[in-house]
6 protein chains.
Amino acid sequence: MRPSQRAPDEIRPVRLSRGWTQHAAGSVLAEFGATRVLCTASIEERVPPFLRGAGQGWVTAEYGMLPGATHERTAREAARGKQGGRTLEIQRLIGRALRAATDLPALGERTVTLDCDVLQADGGTRTAAITGAWVALHDALAQLRDAGLLETWPLLGQVAAISVGVFAGTPVLDLDYAEDSTAETDMNVVMNADGGLIEVQGTAEGVAFSRAELDAMLDLAAVGITQLVAAQRAVLA
Amino acid sequence: MRPSQRAPDEIRPVRLSRGWTQHAAGSVLAEFGATRVLCTASIEERVPPFLRGAGQGWVTAEYGMLPGATHERTAREAARGKQGGRTLEIQRLIGRALRAATDLPALGERTVTLDCDVLQADGGTRTAAITGAWVALHDALAQLRDAGLLETWPLLGQVAAISVGVFAGTPVLDLDYAEDSTAETDMNVVMNADGGLIEVQGTAEGVAFSRAELDAMLDLAAVGITQLVAAQRAVLA
Amino acid sequence: MRPSQRAPDEIRPVRLSRGWTQHAAGSVLAEFGATRVLCTASIEERVPPFLRGAGQGWVTAEYGMLPGATHERTAREAARGKQGGRTLEIQRLIGRALRAATDLPALGERTVTLDCDVLQADGGTRTAAITGAWVALHDALAQLRDAGLLETWPLLGQVAAISVGVFAGTPVLDLDYAEDSTAETDMNVVMNADGGLIEVQGTAEGVAFSRAELDAMLDLAAVGITQLVAAQRAVLA
Amino acid sequence: MRPSQRAPDEIRPVRLSRGWTQHAAGSVLAEFGATRVLCTASIEERVPPFLRGAGQGWVTAEYGMLPGATHERTAREAARGKQGGRTLEIQRLIGRALRAATDLPALGERTVTLDCDVLQADGGTRTAAITGAWVALHDALAQLRDAGLLETWPLLGQVAAISVGVFAGTPVLDLDYAEDSTAETDMNVVMNADGGLIEVQGTAEGVAFSRAELDAMLDLAAVGITQLVAAQRAVLA
Amino acid sequence: MRPSQRAPDEIRPVRLSRGWTQHAAGSVLAEFGATRVLCTASIEERVPPFLRGAGQGWVTAEYGMLPGATHERTAREAARGKQGGRTLEIQRLIGRALRAATDLPALGERTVTLDCDVLQADGGTRTAAITGAWVALHDALAQLRDAGLLETWPLLGQVAAISVGVFAGTPVLDLDYAEDSTAETDMNVVMNADGGLIEVQGTAEGVAFSRAELDAMLDLAAVGITQLVAAQRAVLA
Amino acid sequence: MRPSQRAPDEIRPVRLSRGWTQHAAGSVLAEFGATRVLCTASIEERVPPFLRGAGQGWVTAEYGMLPGATHERTAREAARGKQGGRTLEIQRLIGRALRAATDLPALGERTVTLDCDVLQADGGTRTAAITGAWVALHDALAQLRDAGLLETWPLLGQVAAISVGVFAGTPVLDLDYAEDSTAETDMNVVMNADGGLIEVQGTAEGVAFSRAELDAMLDLAAVGITQLVAAQRAVLA
């Protein structure tokens with residue numbers, strides 16, 4: 001039995017609120033249950049040095065955790081003077097996932113930065129970040145398109161992410177903190193709307209996991225992603 | 001005429017939402033018009049090294065700006081590897097203001113950290129932060145009191161803050177970004193509920209200001225503070 | 001009675017020694033009693049990135065405290081790897097104060113950096129820094145003028161600074177360390193030669209201060225500034 | 001056809017040289033073809049702060065790339081002042097993999113640090129690092145055991161890692177740099193000697209990958225891991 | 001002919017001013033011609049971690065250059081966020097030189113920090129720093145002795161330093177900036193009052209130097225050191 | 001008697017292995033007994049900012065110590081976030097030594113970076129680094145020459161380095177760790193093939209050393225350098 005009483009293949013209530021703040025080109029509050037991540041998309045008319053003159057754009061991400069977002073206060077990375085390994089790992093993942101959804105040459109020589117800041121953490125912050133950031137990216141690109149700055153629509157399709165794991169011996173979908181902190185295996189899966197895999201990151205927390213468990217988790221992930229891409233479509237409709 | 005059509009002595013709509021997130025001991029979303037600052041108060045059962053064994057507690061603050069909170073994206077300080085001068089200046093101000101409201105020996109050997117993170121910026125973020133942080137501090141102290149951990153109630157009284165300035169030759173109250181970015185003089189005033197001054201920080205942005213203008217601004221500040229302390233009381237009632 | 005036996009409205013002996021070192025374009029040792037701050041002005045023929053092509057110059061300041069300048073040795077910021085919040089706050093104040101005295105377009109596309117390093121600290125280092133830096137700025141600008149590099153004299157007028165406070169219940173002028181460390185209220189005031197206010201920064205250290213006390217402190221500040229601008233004029237004569 | 005002329009399921013020649021340097025408790029040069037990683041294991045008689053008094057040990061890893069190890073010189077992270085995201089990601093992976101092989105309470109209150117430094121890079125540095133570090137960890141633990149410092153042998157079993165990917169449409173095993181830099185999908189797999197999965201990290205570099213491709217890659221990984229654990233056993237025999 | 005018209009074996013006027021500032025336990029302004037270095041000695045009643053419980057004290061040094069001390073403004077290391085290689089090299093040299101003059105067990109478990117800050121640079125700053133710091137160290141130790149805190153006088157003897165070089169083909173003593181910046185060879189020599197060598201650091205700036213040139217430089221150094229130790233003795237008399 | 005049973009004027013077995021790794025333009029493993037330093041030379045077609053447009057090239061060096069190279073694990077500088085003073089001092093020395101061997105205008109507007117990473121430390125790492133780096137520099141320059149990119153051969157001659165010291169009262173050549181850690185005096189000498197001195201750095205570790213001891217050490221150094229330049233020539237033959 002899951003602490004939240006959910007069925008093994010049941011995700012938490014998902015809410016994607018567009019236009020949540022007013023300055024950024026795209027701004028989405030992504031909620032997976034009690035997890036709340038503010039995803040904003042900002043456009044800059046330049047590319048990083050390694051892409052100068054390459055005739056393409058760039059999509060990148062930064063991730064942060066507000067100090068008060070967790071049960072125990074998390075030290076502020078700006079005050080500590082550097083981003084930790086977990087932060088860098090997550091923001092690299094978000095960036096790769098969103099680049100997989102983007103036709104970078106069609107974007108033109110500009111950069112979209114996706115800032116994903118966790119306002120409240122209850123497990124699955126990186127998957128909420130990716131799922132919400134895709135909507136923010138969409139809205140920022142739509143702003144460019146509406147301004148007549150794009151010749152081709154650069155969004156290749158939808159991308160969403162969900163966590164799966166083995167909790168108390170059972171494969172479960174969309175772990176909250178109570179499950180995540182004690183799960184035997186924890187896996188994050190990024191997929192597109194066609195069921196194609198973008199990223200799979202699975203980690204045994206104690207004992208190794210089997211191919212059969214991996215298969216069960218991937219099946220669950222597909223179930224969850226189907227609902228998330230539907231939620232993305234619904235909020236854009 | 002002010003860009004917002006407000007009267008010179010008119011503050012923006014103020015909203016203080018308690019319990020806005022669930023993990024921190026105190027959590028308040030402070031809104032002054034379009035400015036939105038999330039203020040959380042966290043308690044740690046230890047004091048900084050310079051207070052060890054001194055038989056008193058400590059109240060401190062940290063301030064941050066989400067990258068997407070501003071018209072132009074603000075670079076993330078955690079990624080740049082340090083907090084800027086403006087950030088340090090503001091968080092030192094918030095800390096001093098809240099310590100002025102606290103009986104530190106009565107707090108006991110523990111630290112309350114007030115994290116003030118700007119979700120959306122439209123001028124006056126530091127004053128919204130102080131005004132909201134006071135409520136978050138109250139709620140954190142109440143949690144300690146309700147847990148039987150305090151012998152004496154450590155809150156000495158209310159503290160709130162408001163900006164005043166000279167805009168287009170006229171002293172005005174509670175500047176928004178449109179005013180703040182072009183004002184001749186900008187002043188932040190922290191006061192208690194009895195009209196006592198805690199902090200006055202006034203800066204001439206172009207030409208110097210006169211004692212008469214200073215007086216007019218301080219009169220306006222008192223008008224604003226009266227409404228803010230009433231708003232604090234209302235939300236605690 | 002003040003520890004130094006001074007009258008409440010009596011400043012310490014002020015000495016501004018021009019040409020104190022020989023390499024910098026302006027070099028002034030500013031002494032307020034036992035407080036000694038070396039202020040040098042250096043000219044660079046470029047402006048910061050945010051002003052490139054803007055057709056104006058820039059005036060900025062950096063502040064430092066020699067480790068041996070204080071009763072207890074102060075840790076060297078270069079060794080700690082960053083400037084502290086107090087340092088950044090002070091150097092931002094000095095920069096704003098001196099920019100208020102400068103016609104930046106008349107300066108041309110160059111930067112004057114005012115380095116204010118405290119050789120010996122006894123209270124009021126930031127006010128001595130501003131008062132001395134103004135003379136160093138004057139001398140650097142005079143060097144540019146004498147070299148035929150300026151079409152218009154860019155100095156708009158004099159700027160000086162003094163501290164005031166409430167010590168043992170009495171408003172006093174130009175606090176030394178013995179007063180500063182125990183004062184109830186501490187305020188720094190930057191003014192021009194016409195009595196215009198450039199910056200007012202007042203902080204209640206324990207109990208709040210009243211409008212009456214604020215007024216008394218500002219009156220004292222005006223008395224002090226009058227003497228400081230006279231001292232600046234005298235040393236330039 | 002693979003650039004190296006290898007069959008799709010053929011790994012590069014693997015060499016694990018024990019005792020490659022003399023000071024560290026374990027020291028292994030791990031070579032996967034032209035990739036050479038020096039893995040040393042050092043023992044310290046203390047644990048990180050978060051484990052003090054917890055009655056268990058810790059295994060951690062650090063990863064580095066010598067500047068001359070790559071085709072283009074890689075900037076030295078010590079000179080740049082921080083470890084990059086890729087480095088942190090890899091060393092966190094190595095640490096997790098080796099902890100999965102260790103009975104931390106049996107280790108006692110001490111830390112084994114596995115330093116994996118790439119002397120020459122040709123793809124697969126993190127998998128060579130994990131495979132070699134396991135042998136270095138074994139040797140360091142053996143030194144502790146031979147010194148009578150262990151009551152229980154803390155090594156739970158073997159752990160090894162291999163990369164798989166989809167190159168030119170074909171799933172292949174143990175990618176070298178020529179393949180890695182152009183592969184459509186890149187996956188690193190950490191397994192134990194029983195075929196249990198410790199970590200799976202797969203990334204689509206351009207187009208998404210299918211479940212069928214994932215299965216084919218995992219099958220290949222199992223083939224490779226079998227040979228690596230045999231190589232580990234052989235060198236320990 | 002030397003730019004300064006000095007004879008090859010002629011040092012610049014040396015002035016060592018004791019008690020130059022009032023807070024530090026020792027405070028000396030060391031002037032070698034136009035080079036001016038403020039040397040302060042501060043005492044802390046603790047030792048660095050690596051000496052805890054070792055029953056001895058420690059002497060260490062830090063070196064800094066005020067930004068306005070040089071012809072072209074030198075960037076402030078505190079603002080850049082780290083001390084440069086030249087700074088670290090010099091302060092390590094000063095520390096070693098002064099430790100060579102101190103009986104560390106006799107000092108007791110305390111640390112003397114020698115801060116050497118260059119107020120004006122004209123060549124030879126590190127040699128002026130060592131020569132002046134020795135006097136500051138003496139005065140700090142005398143303060144300890146006068147307070148009855150020392151059983152044995154910890155100063156083993158005098159230490160001083162001078163630069164020598166080959167300028168325009170001729171070995172010369174005590175190079176100023178005009179010589180130092182174009183000399184073929186530059187050498188710094190630290191000696192004690194008995195003519196014993198503490199440190200020799202010679203660098204060919206263009207062509208190699210011969211043993212004969214080395215010998216000539218060391219002879220000159222001995223001439224200079226004799227005068228410096230006499231100056232130290234004179235100022236202590 | 002030396003711990004290694006060597007005669008006072010006997011160096012350790014020296015081995016310089018060219019082409020030790022394959023990507024860098026020059027790559028040499030330099031072994032002085034158990035000390036092993038990997039020296040790679042990398043070429044970049046640009047110069048540092050201070051040389052832009054100066055019509056010359058640059059040679060620079062970076063030094064590192066692998067954490068497992070020493071008896072006690074050395075903390076990784078990349079993880080600590082900065083290079084220590086010892087590292088900076090050594091890499092500055094290596095850079096100066098190799099620049100003394102190079103005709104920088106003949107190199108053209110390019111930079112050769114010599115990375116010297118210690119794989120195993122047993123005393124004399126900086127001297128092994130310089131001696132090996134010279135061969136790596138030679139090979140990198142030869143690659144440029146063979147590619148027709150040089151008009152003039154930029155190598156001015158050979159440069160090598162050796163340590164000397166006073167151990168147990170006797171001057172000895174090429175100290176290993178057992179000697180180095182207890183020697184009374186430690187000196188590093190860089191010379192060219194003609195016996196010219198490039199750099200001399202001698203430090204008294206306890207008592208001062210005499211001119212006679214200095215002479216004896218320099219004589220020994222010349223003996224050692226003769227063998228090192230012969231070894232360099234042999235490996236290039």
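Residues numbered from 1 in each chain as written. Chains lettered and ligands numbered in written order. Predicted model: local features only at pLDDT ≥ 70, side-chain atom pairs only at ≥ 80, totals over all residues. Heavy atoms only, no water.

A few points about the relation of the copies chain D and chain A
Of the two same-sequence chains, chain D is brought onto chain A (RMSD 0.0 Å, axial shift 0.0 Å) by a rotation of 180°. Within this description, the copies of the chain are treated as partners about a two-fold rotation axis. Proximity to the rotation axis, assessed at the C-alpha, singles out Q201 of chain D in chain D; its C-alpha lies 2.2 Å from the axis. Of all interface residues in chain D, 100% are interface residues in chain A too; the two copies therefore contact each other through one and the same surface. (Least-squares fit on C-alpha atoms with pLDDT ≥ 70 in both. Contact = heavy atoms within 4.5 Å.)

Re the packing of aromatic side chains
Aromatic rings in a pair are described by how distant their centres are and how their planes are angled relative to each other. Considering all chains together, one arrives at 9 aromatic pairs over all chains under this definition. Their ring planes at 90° and their centres at 5.2 Å tell us that F50 of chain C and W58 of chain C sit as a pair that is edge-to-face. Its end group placed over the ring of W20 of chain F, R36 of chain D keeps NZ or CZ at 4.8 Å from the ring centre. (Phe/Tyr/Trp six-rings, centres within 6.5 Å; stacked < 30°, edge-to-face > 60°. Lys NZ or Arg CZ within 6 Å of the ring centre and 35° of its normal.)

Some details on the UniProt feature "binding site: phosphate" (unreviewed entry) in chain A
All names here are of chain A. The UniProt record marks R86, G124, T125 and R126 with the feature "binding site: phosphate" (unreviewed entry), using the residue numbering of this structure. Spanning 41 residues, the named residues nonetheless gather at one spot, since no C-alpha pair among them exceeds 13.4 Å. Among the secondary structure elements, R126 is positioned in helix α4 (residues 125-146). Assessed through its relative accessible area of 18%, R126 is described here as buried. Those residues in contact with R126 that sit more than four places away from it in its chain are R86, I90, L93, N188 and Q201. (UniProt positions renumbered as here; feature names shortened; annotations may be inferred. Helix = DSSP H or I, 4+ residues; strand = E, 2+ residues; numbered from the N terminus. Buried < 20%, exposed > 50% of the residue type's maximum accessible area, 1.4 Å probe, protein only.)

A few points about the relation of the copies chain C and chain E
Least-squares fitting of chain C to chain E yields an RMSD of 0.0 Å, with the superposition described by an axial translation of 0.0 Å and a rotation of 180°. Taken together, the interface assignments show that 100% of the residues at the interface of chain C recur at the interface of chain E, consistent with an identical surface on both copies.

So, the sheet that holds strand β3 (residues 35-44) of chain E
All names here are of chain E. If you walk across this open sheet you meet the 5 strands as β1-β2-β3-β5-β4, and the pairing is mixed. Either end of the sheet is taken by a strand with one partner, and the two such strands are β1 (14-18) and β4 (58-65). Neighbour-to-neighbour, the strand axes of this sheet turn through a mean angle of 20°, independent of strand direction. Where β3 and strand β5 (residues 111-120) come together, 9 bridges link them in antiparallel fashion. By the bridge assignment for β5, L38 is matched with D117. Strands in contact with helix α2 (residues 85-99) are β4 and β5; relative to β4, the strand with the most contacts, it is inclined by about 145°. (Pairing = 2+ DSSP bridges. Axes fitted to C-alpha atoms, helices over the stretch in contact; angles between N-to-C directions.)

Observations regarding the pattern of salt bridges
All names here are of chain A. For the structure on display, the rule yields 126 salt bridges over all chains. Taking the shortest distance from any N to any O, the salt bridge between R96 and E199 comes out at 2.7 Å. Placement of the pair is R96 in helix α2 (residues 85-99) and E199 in strand β9 (residues 197-204), with a sequence separation of 103 residues. With respect to burial, R96 and E199 carry one shared label: buried. (Salt bridge = Lys/Arg side-chain N within 4 Å of Asp/Glu carboxyl O.)

Describing the arrangement of the chains
You won't find any contact between chain A and chain E; their C-alpha atoms come no closer than 11 Å. The smallest C-alpha distance separating chain B from chain F is 11 Å, and no contact links them.

Thoughts on the interface of chain D and chain A
How big an interface is tends to be stated in terms of the accessible area lost upon association of its parts. Facing the 24 residues of chain D at the interface are 24 residues of chain A. Approximately 2300 Å² of surface area, both sides summed, lies buried where chain D meets chain A, with 51% of it carried by carbon and sulfur atoms. Summed over the three residues of chain D that lose the most area to chain A, namely E89, L197 and R211 of chain D, the buried surface amounts to 26% of that side. The tally of links between chain D and chain A comes to 6 salt bridges. R211 of chain A serves as the salt-bridge partner of D215 of chain D, at 3.5 Å between the closest nitrogen and oxygen. (Buried area = accessible area lost by both parts, 1.4 Å probe.)

Describing the interface of chain C and chain E
Taken together, the contact between chain C and chain E spans 34 residues of the former and 34 residues of the latter. Note on chain C versus chain E: buried area summed over both sides is about 2800 Å², and carbon and sulfur give 51% of it. Taken as a group, H23, R73 and R76 of chain C account for 25% of the area that chain C buries against chain E, more than any other trio of residues on that side. With its nearest N and O atoms 2.7 Å apart, the salt bridge here joins D115 of chain E to R76 of chain C.

Here's the deal with the side chain of Q120 of chain E
Assignment of secondary structure puts Q120 of chain E in strand β5. Among the residues examined, Q120 of chain E registers a relative accessible area of 3% and is labelled buried. At 2.8 Å, the side chain of Q120 of chain E forms a polar contact with the backbone nitrogen of Q22 of chain C. Among the polar contacts made by the side chain of Q120 of chain E, one reaches the main-chain carbonyl oxygen of A34 of chain E at a distance of 2.9 Å. When sequence neighbours within four positions are dropped, the list of residues in contact with Q120 of chain E reads W20, T21, Q22 and H23 of chain C together with A34, T35, R36 and A69 of chain E. (Polar contact = N/O pair within 3.5 Å; in protein donor to acceptor, adjacent residues only side chain to side chain.)

A few points about the confidence of the model for chain A
On average, residues of chain A carry a pLDDT of 97, and 100% of them reach 70 or more. Reported confidences for the modelled complex are a pTM of 0.95 and an ipTM of 0.96. (pLDDT = per-residue confidence, 0-100.)

Side note on the environment of C39 of chain F
All names here are of chain F. Tracing the sequence through the fold places C39 in strand β3 (residues 35-44). The class of C39 is buried, set by a relative accessible area of 0%. The spatial distance from the C-alpha of C39 to the C-alpha of I130 is 8.7 Å, given a sequence separation of 91 residues. With sequence-adjacent residues up to four places away left out, C39 is seen in contact with G26, S27, V28, A30, D115, C116, A128, A129, G132, A133 and A136.

Considering the sheet that holds strand β6 (residues 159-167) of chain C
Strand order in the open sheet made by the 8 strands is β7(B)-β6(B)-β8(B)-β9(B)-β9(C)-β8(C)-β6(C)-β7(C), with antiparallel pairing throughout. In this open sheet, the two edge strands, each paired with only one partner strand, are β7 (170-173) of chain B together with β7 (170-173) of chain C. Across the sheet, the mean angle from the axis of one strand to that of its neighbour is 15°, orientation sign disregarded. Here 8 bridges tie β6 of chain C to strand β8 (residues 185-192) of chain C, and the two strands are oriented antiparallel to one another. Following the sheet pairing, A160 of chain C is matched in β8 of chain C by M191 of chain C. Strands β6 (159-167), β8 (185-192) and β9 (197-204) of chain B together with β9 (197-204) of chain C of the sheet are contacted by helix α2 (residues 85-99) of chain B, whose axis makes an angle of about 155° with β9 of chain B. The sheet strands contacting helix α6 (residues 211-236) of chain C are β9 of chain B together with β6, β7, β8 and β9 of chain C, and the helix crosses β6 of chain C at an angle near 145°.

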